[in-house]
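Each chain, letter by letter, is given below.
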Amino acid sequence: AKVLRDEPRLALQYSSTEGVLPLRQWITTRMRGLGQDVDLDSVLITTGSQQGIDLAARVLLDPGTVIAVENPSYLAALQAFSSYGAEYATIASDEDGMRMDDLERQVLLRGIRVLYLVPNFQNPKGTTLSLARRHQLIDLASRHGLAIIEDDPYGELRFAGDALPSLASLDSTRPEHERLVIRLGSFSKTLAPGLRIGFAT
């Protein structure tokens, strides 16, 4: 009611392709507060993070591209990647998340250039990628030119323990033209799934 009373034109009219400016500004501020060096032009509003997965796949995948995924992995992401003809390298995981030794072995063996993972409270396994492995992953990605799709719909749902830095924030320490992480976020888990609002940075 407040939005329709105060900003009816903004709420009910078409917006820019990138998304509503005040929301993009808020996300920019929020991501900076979480340690990610991001500017307004790097924020894209999506129809949930699922659209972000699809857009990242559209940019990064060609038929036959091998994408590394956790074992097990989020089914809807696999469906999106399959629609672009991707092939999969399933990477072993344990209680600390994806195993970096198996990832590096398969990167060298199969020439993998794209990785998809859910680092916080992984779906469906529920594990969280440890801090040490996050650093190892950014180092590995840098050495091998590995693009990372970081899907983080659950990161804001931590009720105990310390929040870990996102892969995008660790990647932010590198020069902008060398960054490798596309970070996807969503308001579906924290606000309302029916709104279908997400973002990519």
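Here the structure is shown first, and the text comes after it.
These numbers come from a predicted model, not from an experiment.

Glancing now at the overall build of the protein chain. Secondary structure summary: the protein chain contains eight helices and nine strands in total. Relative to the compact-globule value of 17 Å for 201 residues, the protein chain shows a C-alpha radius of gyration of 17 Å, a close match. Overall, the C-alpha framework of the protein chain stretches about 60 × 40 × 35 Å when taken along its three principal axes. Counting across all 201 residues of the protein chain, residues that qualify as buried make up 44%.

Turning our eyes to something else, we now look at the packing of aromatic side chains. Taken as a whole, this structure holds three aromatic pairs when the rule is applied. Centre to centre, the rings of Trp26 and Phe187 are 6.0 Å apart; their planes meet at 50°, and the pair counts as tilted. With Trp26 in helix α3 (residues 21-33) and Phe187 in the loop between β8 (181-186) and β9 (198-200), the pair connects residues that are 161 residues apart, well separated along the chain. Both rings, one in Phe187 and one in Phe199, keep their centres 5.9 Å apart while their planes meet at 50°; by these two values the pair is tilted. In this pair, Phe187 is assigned in the loop between β8 and β9 and Phe199 in strand β9, connecting sequence segments twelve residues apart. In textbook terms, an aromatic cluster arises when at least three aromatic residues are bridged by ring pairs, as seen for Trp26, Phe187 and Phe199.

Moving on to the side chain of Thr28. Along the chain, Thr28 falls in helix α3. Among the residues examined, Thr28 registers a relative accessible area of 4% and is labelled buried. Excluding its chain neighbours within four sequence positions, the residues that come into contact with Thr28 are Val38, Asp39, Leu40 and Val43.

A few words on the pairing of strand β7 (residues 147-151). The side chains of a regular strand alternate between the sheet's two faces. In terms of residue burial, β7 counts as a mostly covered element, since five of its five residues are buried. Here β7 shows a buried face lined by Ala147, Ile149 and Asp151 and a second buried face lined by Ile148 and Glu150. When strand β6 (residues 114-117) meets β7, the two strands line up parallel, connected through four bridges. Among the inter-strand pairings, Leu117 is bridged to a residue of β7, identified as Glu150. Handedness of the β6-helix α7 (residues 131-144)-β7 crossover: right-handed. Bridge count between β7 and β8: four bridges; the pairing is parallel.

Looking now at the layout of surface pockets. The rolling of a water-molecule-sized probe over the atoms marks out the regions of remaining empty space. When its volume is computed, the largest pocket comes out at roughly 400 Å³. Forming the boundary of the largest pocket are 22 residues, of which Leu34, Asp152, Gly155, Glu156 and Arg183 lie nearest the centre. Secondary-structure elements contributing two or more residues to the lining of the largest pocket are α3 and β8. With four residues, β8 is the largest single contributor of residues to the lining of the largest pocket. Of the residues assigned to the lining of the largest pocket, the class counts are eleven nonpolar, six polar and five charged.

The subject of this paragraph is the pattern of salt bridges. Under the counting rule described, the total for this entry stands at twelve salt bridges. The salt bridge partner of Asp6 is Lys2, with a shortest N-O separation of 3.2 Å. Here the residue Asp6 and the residue Lys2 both occupy positions in helix α1 (residues 2-6), the gap between them amounting to four residues, near one helical turn. For Asp171, the salt bridge identified is with Arg174, shortest N-O distance 2.9 Å. Here Asp171 matches Arg174 in class, with each residue buried. A single network of salt bridges, built from pairs that share partners, joins Lys2, Arg5 and Asp6.

What counts, and at which threshold
Residues numbered from 1 in each chain as written. Predicted model: local features only at pLDDT ≥ 70, side-chain atom pairs only at ≥ 80, totals over all residues. Heavy atoms only, no water. Helix = DSSP H or I, 4+ residues; strand = E, 2+ residues; numbered from the N terminus. Rg over C-alpha atoms; globule rule 2.2 N^0.38 Å. Buried < 20%, exposed > 50% of the residue type's maximum accessible area, 1.4 Å probe, protein only. Phe/Tyr/Trp six-rings, centres within 6.5 Å; stacked < 30°, edge-to-face > 60°. Contact = heavy atoms within 4.5 Å. Pairing = 2+ DSSP bridges. Right-handed = clockwise from strand over helix to strand, strands pointing away. 1 Å grid on protein atoms, 1.4 Å probe; cavity = no way out; pocket = protein on both sides within 12 Å on 5 of 7 lines; lining within 4 Å. Points joined across faces, edges and corners; volume = space filled by probe spheres on them. Nonpolar A, V, L, I, M, F, W, Y, C, P; charged D, E, K, R; others polar. Salt bridge = Lys/Arg side-chain N within 4 Å of Asp/Glu carboxyl O.

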